[in-house]
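Architecture at a glance
One letter stands for each residue in the lines below.
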Amino acid sequence: MKASQGLEIEKKYDVGNDVAVPALDRLPGVARVAAPHTDVLEAVYFDTDRHILASRRITLRRRTGGTDAGWHLKLPPLEVGATAAEPQQRRELHAPLGQPGVVPDSLLDHIQAYLRGEPVAPVVRLETRRTTHALYGEDGVHLADLADDRVTAERLHPGGREGSAGRQQWREWELELVHGGPGIFPPAEELLVEAGARPAGHASKLARALGGKEGGTEGGEPGSQPGGVAGSPSADAGPSTDGSTRDGSIQAQSTRDGSTPYLAGGKKAPAAAVVSAYLAVQIQEILAQDPKVRLEEPESVHNMRSAVRRIRSALAAYRKLYAARPVRHLRDELKWLGQLLGGPRDAEVLLDRLRGHLAELPPGEGVDAATDLVEGKVGGAFDEGYRHLQEALRSDRYFRLLDELEAFRDTPPVRAQAVARGRRVSAKAVDKSARRLQRSHRAATRARRGTDHEIALHQVRKDAKRLRHVAETAALVRGKRARKVAKAAQRQQKILGNFHDAVIARDLLGAVSSDTEMAAPEAAALTALRTRQAEEMGAAEAKYGKARRKSRGLLRRGVL
């Protein structure tokens, strides 16, 4: 059963035991406050021995009592790095209560990329006496709830036994939106602070129970940082004014909690900082797409594959900034993952293409038979490819790759030249990629028509894709012109992608026709499909010529 989900937007406050809840109907837009009602909630929080989930600001719990009893999975805040005065927005997934110690697969699929094979077990038990004050507007709309929580927490040893550290008790208020807008938060904060509350010093009840903020409990040591940030410096490698450290690494905001990194030092950032910031976004994309791939959501395989390709392109273009062996190893492992993603993705693209072309043919027995043949051949390849991919996503090899990617992001094995200005290094990388594309284009124009020409155009497509990705890295410090280069390269890549898809479809249809005995109407339908692929190839090559001529001035020498 697929987990249900919603968006939680709330702000927490610490408050003393004797503080009275203020008159909430004083808030702008609040017409009345319903009579308070009290529930007793018991929640058991699950995590690994090293508190991996808490370190990434993820909470997994089973809660009884109240109106939403069941399993809850809260993912990292959607907006991280904002001021403490702003409310948290978190995606929350729900599943039925089920068995007390058995986490539903529908929730586990969303966190396997973080657990990486490690089991989860009870780590904290919370009992919350919650008094809820519902706030309503003039039109009767339920705007928000203020939850007045009196909490008792106890840490658990393996097996769910109570810990020896004793119990913690505290009181907190949570203001959570229901159908109202975020404009209620600023005046509410004034009112609550005036009553004696203060913005919470912890991100969640779990964080307080563990003794530190979420994002600081990796390795079972509350308060420690979860592996650092992208290129974070050691104690003796302090940052310089341009955002670099003495080892040339990056000072960038971590994506481990779901945020997008910023580039410290801006356009003056060192080369390794530019690469690390780009890689951090792509690594986060892989982690975000992982559960979607497991759940077979549309476009998820394509999105994960694109992130993998971007990382490979960046590592290839900037490989001289780093020690050779780790870069070579990462590229090999990413190639392995990319090929696994390519199996179902290529079959999916091919199937969509042929379905569309079959739908354009006049209806009849031949078309119906050809459709069944295509569905069986290509659909079978998709199913087989997805099965292999799902097996890989459960493998130790895949989990090691995720560890290695984050380690490379956090502590890149930089060489001395990594401290060079990113503007200069990225410009050289883009120029080099542009020259590579020009060479492959010349090779394609010289190639003999037929298979050699088709292979050469496929290489042009791959080189255009690489230029696009490298230009994307340069856009961090080169701005508008780099984005124009990326867009021009993407246009060529897309056109030649259609050409390559037509080649693959043509060859598949030819193989099916030669291997299968069929009636004349079915053979005619397949011949029509092959003819359509040839037409698509010709049209794509003509479009490529126009796109090439249009971008000739942009991609000629001295791109940036």
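As shown above, the structure is provided for reference.
Residues numbered from 1 in each chain as written. Predicted model: local features only at pLDDT ≥ 70, side-chain atom pairs only at ≥ 80, totals over all residues. Heavy atoms only, no water.

Section: the overall build of the chain
Broken down by element type, the chain carries 15 helices and ten strands. In the chain, buried positions account for 51% of the 560 residues. Pairs at least 24 apart in sequence give 72% of the contacts found in the chain among residues at least 6 apart. Split by element, the accessible area of the chain, about 26000 Å² in all, is 49% carbon and sulfur. (Helix = DSSP H or I, 4+ residues; strand = E, 2+ residues; numbered from the N terminus. Buried < 20%, exposed > 50% of the residue type's maximum accessible area, 1.4 Å probe, protein only. Contact = heavy atoms within 4.5 Å. Areas by Shrake-Rupley, 256 points an atom, 1.4 Å probe, with all protein chains shown as cover.)

Observations concerning the packing of helix α13 (residues 480-515) against helix α14 (residues 520-550)
Packing of α13 against α14 leaves a shortest axis separation of 8 Å and a crossing angle of 160 degrees. With respect to each other, α13 and α14 are oriented roughly antiparallel. Two packed elements cross with a definite hand, and for α13 against α14 that hand is left-handed. Looking at the contact of α13 with α14 residue by residue, the class counts come to 14 nonpolar, five polar and seven charged. (Axes fitted to C-alpha atoms, helices over the stretch in contact; angles between N-to-C directions. Parallel < 35°, antiparallel > 145°, perpendicular 65-115°, else oblique. Left-handed = near helix turned anticlockwise from the far one by under 90°. Nonpolar A, V, L, I, M, F, W, Y, C, P; charged D, E, K, R; others polar.)

As for the packing of helix α9 (residues 365-393) against α13
The axes of two packed helices give the description: the angle between them and the distance between them. Here α9 crosses α13 at 115 degrees, and the two axes come no closer than 12 Å. Of the possible angle classes, the one that applies to α9 and α13 is roughly perpendicular. In this structure, the crossing between α9 and α13 has a hand that is right-handed. Every residue of α13 that contacts α9 at Leu373, Val374, Lys377 and Val378 is listed here: Leu508, Leu509 and Val512.

Observations concerning α9
Under the 1.5 Å per step criterion, the end-to-end length of α9 is 41 Å for 29 residues, consistent within 8% with the ideal 42 Å. Looking at the buried residues of α9, the elements they touch are α6 (271-294), α7 (300-317), α8 (324-359), α10 (396-410), α13 and α14. (Expected span 1.5 Å × (residues − 1).)

Quick look at unusual backbone geometry
The phi torsion of most residues other than glycine is negative, and most of the peptide bonds are trans. Here His51, not a glycine, exhibits a phi torsion of approximately 55 degrees, which is positive. Its place among the elements puts His51 in the loop between β3 (37-47) and α1 (52-55). Using a relative accessible area of 6% as the deciding quantity, one classes His51 as buried.

Some points on the pattern of salt bridges
The final tally for this structure, using the stated rule, is 39 salt bridges. Residue Arg116 pairs with Asp403 through a salt bridge whose shortest N-O separation is 2.6 Å. With a gap of 287 residues between them, Arg116 in the loop between α3 (112-115) and β7 (121-136) and Asp403 in helix α10 connect regions that are remote in the sequence. Here Arg116 falls in the buried class, since its relative accessible area comes to 12%. You can call Asp403 partly exposed: its relative accessible area is 42%. The residue Arg506 makes a salt bridge to Asp507 at a minimum N-O spacing of 2.9 Å. (Salt bridge = Lys/Arg side-chain N within 4 Å of Asp/Glu carboxyl O.)

Quick word on the nonpolar core
The nonpolar side chains of soluble globular proteins are, as a tendency, buried together. With 88 residues, the main nonpolar core has Leu60, Ile111, Ile286 and Tyr398 as its most contacted residues. Examining the composition of this core, we find that ten residues originate from one element, α13, more than from any other. Not counting chain neighbours up to four residues away, the residues in contact with Ile111 comprise Leu53, Ile58, Leu60 and Leu73. Of all hydrophobic cores here, the second largest spans 20 residues; its members include Val19, Leu24, Leu143 and Trp173. (Core = buried A, V, L, I, M, F, W, Y, C linked by side-chain atoms within 4.5 Å.)

Here we look at the pairing of strand β8 (residues 142-157)
Bridge count for β7 against β8 is 13 bridges, and the pairing is antiparallel. Note that in β8 the partner of Leu126 across the bridge is Ala153. Between β7 and β8, which pair antiparallel one after the other, the connecting turn spans five residues, and Gly140 there sits at a positive phi close to 85 degrees. (Pairing = 2+ DSSP bridges.)

Considering the layout of surface pockets
Put simply, the largest pocket is a space of about 1400 Å³. Lining of the largest pocket is provided by 44 residues; of these, Arg305, Arg309, Arg461, Lys462 and Lys465 occupy positions nearest its centre. For the lining of the largest pocket, the element with the highest residue contribution is α8, accounting for eleven residues. In terms of residue class, the lining of the largest pocket is made up of eight nonpolar, 15 polar and 21 charged. (1 Å grid on protein atoms, 1.4 Å probe; cavity = no way out; pocket = protein on both sides within 12 Å on 5 of 7 lines; lining within 4 Å. Points joined across faces, edges and corners; volume = space filled by probe spheres on them.)

A few points about the environment of Pro28
Along the chain, the position of Pro28 falls in the loop between β1 (4-14) and β2 (32-33). Here Pro28 falls in the exposed class, since its relative accessible area comes to 58%. For the pair Pro28 and Ile184, spaced 156 residues apart in the sequence, the C-alpha separation amounts to 7.5 Å.

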